[in-house]
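A closer look at the structure
Take a look at the letters that make up each chain.
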Amino acid sequence: MSRLMHYPDLMVCVLAAGQGKRMRSKLPKVLHPILGKSMLEHVLHTVEELQPHKIAVVTGDGAEQVREHIGQPANLEWVMQDRQLGTGHAVQQCEQVCSDVDHVMIVCGDTPLLRCETLDRLARHHKDSGAEVTFLSAHLPDPFGYGRVLRDEAGKIIGIVEERDATSEQKRIKEVTSGIYCVRQDVLFRLLERVGNRNAQGEYYLPDIVPLALEAGMRVEAVAMDDAEEIRGVNNRKQLAEAEAVLQQRIIEDWQLSGVTILQPHTVRIEASVRIGMDTIIHAGTQLLGATSIGDECEIGPYAVLDNCWVDDGSSVLAFSHLQDASVGAHCRIGPFARLRPDAKLADEVHIGNFVEVKKAIVGDGSKINHLTYIGDAIIGKQCNIGAGTITCNYDGANKHLTEIGDDVFVGSDTKLIAPVRVGSGSTIGAGSIITRDVPEGGLTLSARPDQRHLPGWRRPRKEDR
Ligand code: UD1
Ligand code: MG
């Protein structure tokens, strides 16, 4: 990344106003998520790497929703396109915000696979060649849907034709445009003024500036992309899934190369904002979602789901565990079949076993909650042992109440702690107790147990012989 240039004289316009009819969705197209981030967020993160003068985002369809989703980064200007009359018309709306830069880069909000290195190559070539118009092109084995690059017999670019306007012969051309352009600011808006809408869609096409520039004797350059995958525009749900698969493959390879072992990688989902430390092992079927961060030397899965969680070094989250908005300290062992719900905060060396649910609770160093237990709205100290079947009865039907347990407490199996209640450090609670009042420090506390009887002559019922 450090080799990227910075472009203080460049404005990047991201086109994101289109309805995305082909998505067949109520959600604006650019907000459809790919690996936990919207397409538009992917594109914005990529263009930010260029450190341009500013980024203008053209919105129209669902503008409010799009703006709310992105927020207001300092270097971002919103531009409104009231009616979606085409990509050329969308760029025209940016004329004012582009007035104080020398060059304008136009990027579509629906090309989430773009790499900043590729945009850097485009911008660099544009400047070094002195061309008025430069665009990214690629050769696609299946060019359906893309604008095709038209060249004369000598190989000189003569124009671009959109899929819907192409003759059957032109449709066979495999060289396509990405929809990504770098144009000198002083010519861009003059060229756009002359773009018409006499085409199959009745739209003002940005690519039409290419023949107009050539007619005016300007220089137009195409920069061929190394990896044609990057060009993929997402126009429908099939392409959305395909783009996600490409991005997933990239993310998995990046983690593998930085020292993470991923078993059966094609079964694993790792979203774009996830972080993973060295020598961690991710087992099959695992899903790491949102802003999940995993430390070094951890072991996760198989089939674990971690959404927006923090896991510190050396911890294991074993098979079929589900963790959401939870944090796990170092050298903990979670699962198999454990559930950590929002605001479960475990310190170091904590064990959470099978069929244990923890919600909004702090668990201190070295404490163990190994079997069939519900801990909600609780603070548990260090080195406690919470027996099988313990329940913090936190809810009275209207309000939630707190259970506070000190250090070194032993809670016998099948104990019910009726909150609000406090259990003093060093105490032991006998199995099967129902704790309704605070428990003092030390000693044994237990509630009255039901009587136990023995009937010596009693016989088991048997099935009658036939
Ligand atoms: C566009 C290009 C095509 C290129 C392809 C690459 C045009 C006319 N065609 O086709 O040459 O091969 O991208 O993916 O430029 N948008 C607006 N306002 C509008 C219309 C569109 O902001 O009035 C935005 C859309 O939200 C989208 C982007 O521009 O993010 C591209 O529009 P889209 O309709 O997807 O164009 P394509 O048919 O994919
Ligand atoms: Mg598109």
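Treat the numbers as computed from the prediction; the structure is a model and nothing was measured. (Residues numbered from 1 in each chain as written. Chains lettered and ligands numbered in written order. Predicted model: local features only at pLDDT ≥ 70, side-chain atom pairs only at ≥ 80, totals over all residues. Heavy atoms only, no water.)

1. Some words on the coordination of the magnesium ion (ligand 2)
For clarity, the cut-off: Donor criterion used throughout: N, O or S atom within 2.8 Å of the metal, extended to 3.2 Å for Na, K and Ca. Water excluded; incomplete-looking sites may result. Comment: elements are numbered from the N terminus, with helices defined as DSSP H or I runs of at least four residues and strands as E runs of at least two. Only protein chains enter the accessibility calculation, which uses a 1.4 Å probe. A residue is then buried if its area is under 20% of the maximum for its type, exposed if over 50%, and partly exposed in between.
For the magnesium ion (ligand 2), the full set of protein donor atoms is Asp-110 (OD) and Asn-235 (OD1), at a range of 2.2 to 2.4 Å. With a gap of 125 residues between them, Asp-110 in the loop between β6 (103-108) and α4 (116-129) and Asn-235 in the loop between β11 (220-224) and α7 (237-257) connect regions that are remote in the sequence. Like Asp-110, the residue Asn-235 is buried in the burial classification.

2. A few points about the packing of aromatic side chains
Rules: For this analysis, a ring pair means two rings from Phe, Tyr or Trp (six-membered ring only for Trp) whose centres lie within 6.5 Å, classed as stacked if their planes differ by under 30 degrees, edge-to-face if by over 60, and tilted for the remaining angles.
Applying the stated criterion to the full structure yields four aromatic pairs. Note on Phe-135 and Tyr-181: the rings are 5.6 Å apart at their centroids and 40 degrees apart in plane angle, and the pair reads as tilted. Of this pair, Phe-135 sits in strand β7 (residues 133-139) while Tyr-181 sits in strand β10 (residues 175-184), and the two are 46 residues apart along the sequence. The exposure class of Phe-135 is buried, given its relative accessible area of 0%. The exposure class of Tyr-181 is buried, given its relative accessible area of 0%. For the ring pair Phe-320 and Phe-337, a centre distance of 5.2 Å and an interplane angle of 15 degrees mean the geometry is stacked. Note that Phe-320 is positioned in the loop between β21 (316-317) and β22 (322-324) and Phe-337 in the loop between β24 (333-334) and β25 (338-340), a separation of 17 residues in sequence.

3. Considering the site of ligand 1
This is how it is decided: We call a residue near a molecule or strand whenever a single non-hydrogen atom of that residue lies within 4 Å of it. N or O atoms within 3.5 Å of each other form a polar contact, as long as, within protein, one can give a hydrogen and the other can take it, and as long as residues adjacent in sequence are counted only when both atoms are side-chain atoms. To measure how exposed things are, a 1.4 Å probe is used in the Shrake-Rupley method; for residues, cover is taken only from the protein chains shown.
Lining the immediate surroundings of ligand 1 are 25 residues, of which Gln-81, Gly-86, Thr-87, Glu-162 and Thr-177 lie closest. In the environment of ligand 1, an oxygen atom lies 2.9 Å from a nitrogen or oxygen atom belonging to the backbone of Leu-15. Within the backbone of Thr-177, a nitrogen or oxygen atom sits 2.7 Å from an oxygen atom of ligand 1. Protein burial of ligand 1: of its 760 Å² of free accessible surface, 92% is covered by the chains.

4. Things to note about unusual backbone geometry
Of note, the amide linkage connecting Gly-301 to Pro-302 takes the cis form, showing an omega dihedral of 5 degrees. Inspection of the secondary structure assignment puts Pro-302 in the loop between β18 (299-300) and β19 (305-307). In the Ramachandran plot, Glu-349 falls in the positive-phi region, its phi being about 55 degrees despite a non-glycine side chain. Checked against the element boundaries, Glu-349 lands in the loop between β26 (344-346) and β27 (351-363).

5. Observations regarding the confidence of the model for the protein chain
Which entries qualify depends on this criterion: The predictor attaches a confidence to each residue, called pLDDT, with possible values from 0 through 100.
Confidence in the prediction of the protein chain, expressed as mean pLDDT, is 96, and 99% of residues score 70 or more. The spread of mean pLDDT over the elements of the protein chain runs between strand β9 (residues 157-161), the lowest at 94, and β22, the highest at 99.

6. Details of the pairing of β9
Selection rule: Here the rule is simple: two strands pair whenever DSSP picks up at least two bridges between them.
Counting buried positions along β9 yields four of five residues, so the element is predominantly enclosed. With four bridges joining them, strand β8 (residues 148-151) and β9 adopt antiparallel strand pairing. Considered in β9, the bridge of Val-149 is made with Ile-160. The antiparallel hairpin formed by β8 and β9 contains five residues in its connecting segment, where Gly-155 sits at a positive phi of about 90 degrees.

7. Concerning helix α2 (residues 63-70)
Selection criterion: Throughout, the arc means the angular range of directions from the helix axis out to the C-beta atoms. Contacts are assigned to residue pairs that have any heavy atoms within 4.5 Å of one another.
If you check which residues of α2 are buried, you get Ala-63, Val-66 and Ile-70. Angularly, the buried residues of α2 cover 65 degrees about the axis, an arc narrow enough to put them on a single face. Away from its buried face, by an angle of more than 90 degrees, α2 presents the exposed residues Glu-64 and Glu-68. Against α1 (39-48), β4 (52-59) and β5 (76-80) lie the buried residues of α2. Of the residues one or two after α2, Gly-71 is the one with positive phi, at around 80 degrees.

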